[in-house]
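Residue strings, one per chain:
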Amino acid sequence: MKRILNAFVTSKLQGCLLIGALLLQYGCGNSSAESGAFAPPPPQLPVITVSSLPATTYQQFPASLEGKVNVEIRAQVDGYLEKIYVDEGAYVKAGQPLFKINDHIYNEQASSAKSSLLAAQANMEKAQVEVDRLTPLVENGVIADVQLKTAKAAYEAAKASAEQAKAIVGNAQINVGYTLIKAPVSGYIGRIPFKIGSLVTKGDEQPLTLLSDVSEMYAYFSLSEPDFIAFKNKYAGNTIEEKVKQIPPVELILADNNVYEQKGKVALVEGQFDKTTGAINLRASFPNSGGTLRTGNTGKVKIPTLYPSALVVPQEATFEIQDKVFVYALADSNKIVTKPLAVSGRTTNYYFVSDGVKQGEKIVLSSQSTMLMGGLRDGMPIVPQMISTDSLLKVKPL
């Protein structure tokens, strides 16, 4: 009986194991079938063709503005300020009277100097008469020539005194002229700190006013050492002067972020770097016939870089890893491959690429916003949805 029971249990156990094996096999096969049936299709992604286009990028540098000529108007003689002919902020022309210093004392000095000159000239004429009188007497042997030599020496002394007196007259007349202060150049009058009746002197720390010729404005800005090296490498020429001439016309961004209506030209580079700031100063000149700009204004000089033909890559098609820029390019069988880019310039929406992709190559657009779970990866097939460059440029201009 016991033997019959053991045989029955063994038979049942083998049957259960067989059924379990069959179920496991069926389950695995069914899972494989379901996996094949529900595998996700390749993603549909927007793709754009890399194009070569003419483009321009800009660099902006903070700048301070000064008039072409800024002249401190100062007194050349001491005295009381008698008249002020102009008002602060007025436009004056070269030669126009600005200030008048009381000239009474200087007129008196000029009159005294003229009197001294007349006396010196009279003494010179008297000495000349004496020389003329003694000359024939010496020639005829009537008197010794020592008397004539003495007379000639007296004449030379009188002549020197007359010349000295003449110089004193000239100096006195110059001082009289200094009492009327005229505009040396055309321009705008600055602040006038002195009033009528004020005592002004040659040694005053503060000038009478500042006169600015703003028909042309100079915008001074600085380049760091890396920017300056890039500038030298960017433009053709054997010298800095030759390279500066190659810089295209520049723009001026005013303090309100509006662009000044006239373009300027970079005209000067200082000879050395500032040891404190590590920068070198440049100057751009702008015409200012309307007087819109004034000394003391600030702004930004906007320097363009022209690309006759640049490979343009939308920034939205790129992603960065450790400060390097990459794109997903389309390879054989519509599989994607990661490519690094060498960026030579940029605008708000685009990179200009010098290496990494070629003209006509297709890249995935909006690679960051279309990331799948786990991200895009090399070798992944996609279904490209082509987008034309022209349509993209209409939405996001270069």
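Residues numbered from 1 in each chain as written. Predicted model: local features only at pLDDT ≥ 70, side-chain atom pairs only at ≥ 80, totals over all residues. Heavy atoms only, no water.

**Q** How should I be thinking about the overall build of the protein chain in this particular structure?
**A** Each helix and strand counted, the protein chain has six helices and 20 strands in total. In the protein chain, buried positions account for 34% of the 398 residues. Expressed as a percentage of contacts within the protein chain between residues at least 6 apart in sequence, the contacts between residues at least 24 apart total 74%. Summing over all exposed atoms, the protein chain offers an accessible surface of approximately 24,200 Å²; the carbon and sulfur share of this is 54%. (Helix = DSSP H or I, 4+ residues; strand = E, 2+ residues; numbered from the N terminus. Buried < 20%, exposed > 50% of the residue type's maximum accessible area, 1.4 Å probe, protein only. Contact = heavy atoms within 4.5 Å. Areas by Shrake-Rupley, 256 points an atom, 1.4 Å probe, with all protein chains shown as cover.)

**Q** I tried to follow the nonpolar core on my own but got confused; where do I start?
**A** When a protein is soluble and globular, its nonpolar side chains tend to lie buried together. The biggest cluster of nonpolar side chains holds 26 residues, and the ones touching the most others in it are Phe-221, Leu-223, Val-250, Val-266 and Ile-303. Put simply, the parts of the chain that give this core at least two residues each are strand E2 (51–73), strand E9 (209–224), helix H4 (225–234), strand E11 (265–269), strand E12 (279–287) and strand E13 (298–314). It is E9 that provides the largest number of residues to this core, a total of five residues. Aside from chain neighbours lying at most four places away, what touches Phe-221 is Phe-61, Pro-62, Ala-63, Val-266, Ile-280, Asn-281, Leu-282, Arg-283, Ala-284, Val-301 and Ile-303. In terms of nonpolar packing, the next biggest core, distinct from the first, is built from 21 residues, Ala-55, Ile-363, Leu-365 and Leu-392 among them. (Core = buried A, V, L, I, M, F, W, Y, C linked by side-chain atoms within 4.5 Å.)

**Q** Just checking my understanding: could you explain the packing of aromatic side chains for this structure?
**A** This model, assessed by the stated rule, comprises 10 aromatic pairs. With centroids separated by 6.4 Å and ring planes inclined at 85°, the aromatic side chains of Tyr-218 and Tyr-220 adopt a geometry described as edge-to-face. Residue classification places Tyr-218 among the buried residues on the basis of a relative accessible area of 13%. By way of ring pairs, the aromatic residues Phe-228, Phe-231, Tyr-235 and Phe-273 are connected into one cluster. The positively charged end of Arg-283 is found above the aromatic ring belonging to Tyr-218, 3.9 Å away from the centroid. Between the NZ or CZ atom of Arg-294 and the centre of the ring of Tyr-188, over which it lies, the distance is 3.8 Å. (Phe/Tyr/Trp six-rings, centres within 6.5 Å; stacked < 30°, edge-to-face > 60°. Lys NZ or Arg CZ within 6 Å of the ring centre and 35° of its normal.)

**Q** Would you mind showing me how to read the pairing of E2 here?
**A** The two faces of the sheet receive side chains in turn, since in a regular strand these alternate between them. Sheet topology note: the E2/E13 ladder contains 13 bridges and is antiparallel. Note on E13: the bridge partner recorded for Thr-57 is Thr-305. Relative to E9, E2 runs antiparallel, the two being bridged by 10 bridges. When the sheet's bridge partners are listed, Ala-63 is paired in E9 with Phe-221. (Pairing = 2+ DSSP bridges.)

**Q** Is there a simple way to think about the environment of Thr-179 in this case?
**A** Locating Thr-179 in the fold gives a position in the loop between helix H3 (145–178) and strand E6 (180–182). Residue class for Thr-179 comes out buried when judged on its relative accessible area of 1%. For the pair Thr-179 and Asp-78, spaced 101 residues apart in sequence, the C-alpha to C-alpha distance is 8.7 Å. The contact partners of Thr-179, leaving out residues within four places of it in the chain, are Val-77, Phe-99, Lys-100, Ile-101, Asn-102, Asp-103 and Tyr-106.

**Q** Just to check I follow, could you spell out the sheet that holds E6 for this structure?
**A** Strand pairing in a sheet relies on backbone hydrogen bonds, with the paired strands running either antiparallel or parallel. Pairing is antiparallel across the open sheet formed by four strands, whose spatial order is E6-E5-E3-E8. Edge positions in the open sheet fall to E6 and strand E8 (199–200), since each of these has one partner strand only. In the sheet, strand E3 (residues 79–84) pairs with strand E5 (residues 97–101) via three bridges, with the strands oriented antiparallel. From the neighbouring strand, Ile-84 faces E5, where its bridge partner is Phe-99.

**Q** Quick question: what am I supposed to make of the pattern of salt bridges here?
**A** Pairing is possible between side chains of opposite charge, provided their charged atoms come close. A complete count under the given rule lists six salt bridges for this structure. Salt-bridge contacts for Arg-74 lead to Glu-72; the nearest nitrogen and oxygen are separated by 3.2 Å. In this structure, the salt-bridge partner of Lys-396 is Glu-316, at a minimum N-O distance of 3.0 Å. Of this pair, Lys-396 sits in the segment after helix H6 (389–395) while Glu-316 sits in the loop between E13 and strand E14 (318–321), placing them 80 residues apart in sequence. Residue Glu-316 is classed as partly exposed on the basis of its relative accessible area of 26%. (Salt bridge = Lys/Arg side-chain N within 4 Å of Asp/Glu carboxyl O.)

**Q** Just to check I follow, could you spell out the confidence of the model for the protein chain for this structure?
**A** Close inspection of predicted coordinates is inappropriate in any region flagged by low pLDDT. On average, residues of the protein chain score 85 in pLDDT, and 88% of them reach the 70 mark or higher. Note on residues 1–36: pLDDT under 50 across the span, and zero contacts to partners over four residues away in sequence or across chains. (pLDDT = per-residue confidence, 0-100.)

**Q** Sorry, what's going on with the environment of Lys-243 here?
**A** Relative to the helices and strands, Lys-243 is located in helix H5 (residues 240–245). A residue is classified by how much of its surface remains accessible, and Lys-243, at 12% relative accessible area, is buried. Separated by 11 residues in the primary sequence, Lys-243 and Lys-232 have C-alpha atoms spaced 7.0 Å apart. Each residue touching Lys-243, except ones within four places of it in the same chain, is listed here: Phe-231, Lys-232, Tyr-235, Ala-236 and Gly-237. Within polar-contact distance, the side chain of Lys-243 engages the backbone oxygen of Tyr-235 at 2.9 Å. (Polar contact = N/O pair within 3.5 Å; in protein donor to acceptor, adjacent residues only side chain to side chain.)

**Q** What's the story with the pairing of E13 in this structure? I'm lost.
**A** Judged by how many residues are buried, E13 sits mostly within the fold: 12 of 17 residues are covered. Relative to E13, strand E10 (residues 251–254) runs antiparallel, the two being bridged by four bridges. Paired with Ile-253 across the two strands is Lys-300, which belongs to E13. Judged from the four bridges that link them, E13 and strand E18 (residues 350–355) form a sheet pairing that is antiparallel. Counterpart to Val-313 in the pairing with E18 is Tyr-351.

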